[in-house]
Amino acid sequence: MTIRIAIDAMGGDHGVRVTVPASIAFLRTHPDAQVILVGQSDAIAAELRKAGVGASAAVQTVDAPGVVAMDEPPASALRNKRDSSMRRAIDLVKAGEAHCCVSAGNTGALMAMARFVLKTLPGIERPAIASTIPTQRGHTLMLDLGANVNCSAEQLRQFAFMGAALASVMDGIDQPTVGLLNIGEEDIKGNEVVKSAAELLRASELNFTGNVEGDDIYKGTTDVVVCDGFVGNVALKTSEGLAHMLAAYLREEFTRNAFRRLAALVALPVINAFKRRVDPRQYNGASLLGLRGTVVKSHGSADSTAFANAIRCAYEAARSDLPRLIASRVGERVNGGNSAAELTQEAT
């Protein structure tokens, strides 16, 4: 099956200068995919010419004159930017003309538009942002990373089911381990919401291993780490800041004098290997889970390499029909209902 991916070509800090080259690079390694570049046609065409790419079945263009600013209030974008590249990319998913969409644009606006247009799956109260984090054992999946500042215990349980479904799709794990982020491993630790969520998860059919602490994220203690969006976003941004600080320290120490610059040349293979392992571009692409369609958020400052990885995340989720998998698991284990059947009925 050919996977059609709608790209918000105007989104992010760099717009078409990143989204168009990244889309072309992605297609070189995924011949069974098509990209639909949504945005200002003239700007997209200029980038395609620069890349030496002509019209083809693999690259299509949909004109959208409007652009959602990175600092635009979500409510304003939802009301006033129906002609924007972000909104029209989501509309293509809703209409079935694309299997998924990718945007590096305004996170709040993307979440608001996606939730309004696509709606949430049966049994899911709120969508959550999920992404992979590098660990000593490979990587772990973490959610929510900023969509929901305040959550109930039941919503955290729903996040756990969605995260487990995504881990199964992305990593091929039948029963992913799930941990609840807390200030201690003991059952008595944490606020009342986290304690209640732990009780719900223990009673569920998930492979729940208990509370995990902040350092467990990078130890790779569990396959999935669950938390509310406030805690998750702070943890994510702190991690990014630490990574940039360590990189700056390494550059500073290796360029302090001639002897150290020589030592840097000798250590270059090790330095490059280290950079590849912690390079945040390799982990770019956060899924908006819980929607009746696949939407992936790229970091706003992503370069072409990072954005291509976000496209890959969307491709993998769409190929596995992630929304239907989540609907099935939520319906069977959370509500005892038939969420997947409802989703199928609505799609038809």
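This section reports on the structure supplied with the text. Note that the coordinates shown come from a computational prediction; the quantities given were computed from them, not determined experimentally.

Thresholds applied
Residues numbered from 1 in each chain as written. Predicted model: local features only at pLDDT ≥ 70, side-chain atom pairs only at ≥ 80, totals over all residues. Heavy atoms only, no water. Helix = DSSP H or I, 4+ residues; strand = E, 2+ residues; numbered from the N terminus. Rg over C-alpha atoms; globule rule 2.2 N^0.38 Å. Contact = heavy atoms within 4.5 Å. Areas by Shrake-Rupley, 256 points an atom, 1.4 Å probe, with all protein chains shown as cover. Lys, Arg positive; Asp, Glu negative; His and termini not counted. Charge placed at Lys NZ, Arg CZ, Asp CG, Glu CD. Pairing = 2+ DSSP bridges. Axes fitted to C-alpha atoms, helices over the stretch in contact; angles between N-to-C directions. Parallel < 35°, antiparallel > 145°, perpendicular 65-115°, else oblique. Left-handed = near helix turned anticlockwise from the far one by under 90°. Nonpolar A, V, L, I, M, F, W, Y, C, P; charged D, E, K, R; others polar. Salt bridge = Lys/Arg side-chain N within 4 Å of Asp/Glu carboxyl O. Buried < 20%, exposed > 50% of the residue type's maximum accessible area, 1.4 Å probe, protein only. Phe/Tyr/Trp six-rings, centres within 6.5 Å; stacked < 30°, edge-to-face > 60°. Lys NZ or Arg CZ within 6 Å of the ring centre and 35° of its normal. Patch = residues over 30% accessible without salt bridge, like charges linked within 9 Å, V, L, I, M, F, W, Y side chains within 5 Å.

Focus on the overall build of the protein chain
Looking only at helices and strands, one finds 14 helices and 11 strands in the protein chain. Its C-alpha atoms give the protein chain a radius of gyration of 21 Å, within 12% of the compact-globule value 20 Å for 348 residues. Projected onto the principal axes, the alpha-carbon positions of the protein chain cover approximately 65 × 60 × 35 Å. A separation threshold of at least 6 residues defines the contact pool for the protein chain, and within that pool the share at least 24 residues apart is 71%. Of the accessible surface of the protein chain, which amounts to about 16100 Å², a share of 54% is contributed by carbon and sulfur atoms. Averaging the locations of the 36 positively and 37 negatively charged side chains of the protein chain gives two centres separated by 5 Å.

Structural notes on the sheet that holds strand β4 (residues 100-103)
Spatially, the 11 strands line up as an open sheet ordered β3-β2-β1-β4-β11-β10-β5-β6-β9-β7-β8, and their pairing is mixed. With one partner strand each, in any of the chains shown, β3 (59-63) and β8 (207-212) form the two edges of the open sheet. In this sheet, adjacent strand axes meet at a mean angle of 25° when their direction is disregarded. By the bridge criterion, 2 bridges tie strand β10 (residues 286-289) to strand β11 (residues 294-297) in an arrangement that is antiparallel. For Ser-287, the partnering residue across the bridge sits in β11 and is Val-296. Set on the sheet, helix α5 (residues 107-118) makes contact with β4, β5 (128-135), β10 and β11; between it and β11 the angle comes to about 175°.

Overview of the packing of helix α4 (residues 85-94) against α5
For the pair α4 and α5, interaxial distance at closest approach is 10 Å and the crossing angle is 30°. Comparing the axis directions of α4 and α5 gives the class roughly parallel. Where α4 crosses over α5, the handedness of that crossing is right-handed. Seen from α4, the contacting residues are Met-86, Arg-87, Ile-90, Asp-91, Val-93 and Lys-94; seen from α5, they are Ala-109, Leu-110, Met-113, Ala-114, Phe-116, Val-117 and Leu-118. By residue class, the composition of the contact of α4 with α5 is 10 nonpolar, no polar and 3 charged.

Observations concerning the pattern of salt bridges
Tallied over the full model, the rule gives 14 salt bridges. Ionic pairing is found between Glu-186 and Lys-189, a salt bridge with its closest N-O pair at 3.3 Å. With a closest N to O distance of 2.8 Å, Glu-253 and Arg-256 form a salt bridge. Residue classification places Glu-253 among the partly exposed residues on the basis of a relative accessible area of 33%. Relative accessible area serves as the criterion here: at 45%, Arg-256 is assigned to the partly exposed category. Connected through salt bridges with shared partners, the residues Glu-252, Glu-253, Arg-256 and Arg-260 form a single ionic network.

Considering unusual backbone geometry
Backbone torsion omega between Leu-143 and Asp-144 reads 5°, so that peptide bond is classified as cis. Its location among the elements puts Asp-144 in the loop between β6 (138-143) and α6 (153-171). A positive phi angle, near 70°, is found at Lys-119, a position not held by glycine. Mapped onto the fold, Lys-119 is located in the loop between α5 and β5.

What about the packing of aromatic side chains?
One pair of aromatic rings is described through two measures. These are the centre distance and the angle between the planes. Scanning all chains against the criterion turns up 1 aromatic pair. Both rings, one in Phe-26 and one in Tyr-315, keep their centres 5.7 Å apart while their planes meet at 70°; by these two values the pair is edge-to-face. One end of the pair, Phe-26, is in helix α1 (residues 16-29); the other, Tyr-315, is in helix α12 (residues 304-319), and 289 residues separate them in sequence. Overall, the relative accessible area of 2% leaves Phe-26 in the buried class. The cationic tip of Lys-119 hangs over the ring face of Phe-116; the distance from NZ or CZ to the ring centre is 4.8 Å.

Brief notes about a nonpolar patch on the surface
On the surface, a nonpolar cluster with roughly 340 Å² of combined accessible area is contributed by Val-149, Phe-230, Val-231 and Val-234. Topologically, Val-149 is positioned in the loop between β6 and α6. When its relative accessible area of 47% is taken as the criterion, Val-149 is described as partly exposed.

Details of the environment of Thr-2
Here Thr-2 lies in the segment before β1 (3-8). Taking relative accessible area as the criterion, Thr-2 reaches 36% and is therefore assigned partly exposed. Here the alpha-carbon distance between Thr-2 and His-30, two residues 28 residues apart in the chain, equals 9.9 Å. Beyond its immediate chain neighbours, meaning those up to four positions away, Thr-2 contacts Asp-32, Ala-33, Gln-34 and His-99.

Considering the pairing of β4
Across the two faces of β4 the burial is the same, with Cys-100 and Val-102 and Cys-101 and Ser-103 all buried. Two elements, β1 and β4, share 3 bridges in a ladder whose sense is parallel. Among the inter-strand pairings, Ala-6 is bridged to a residue of β4, identified as Cys-101. Judged from the 4 bridges that link them, β4 and β11 form a sheet pairing that is parallel. Within β11, the position partnered with Val-102 by the bridge is Val-296.

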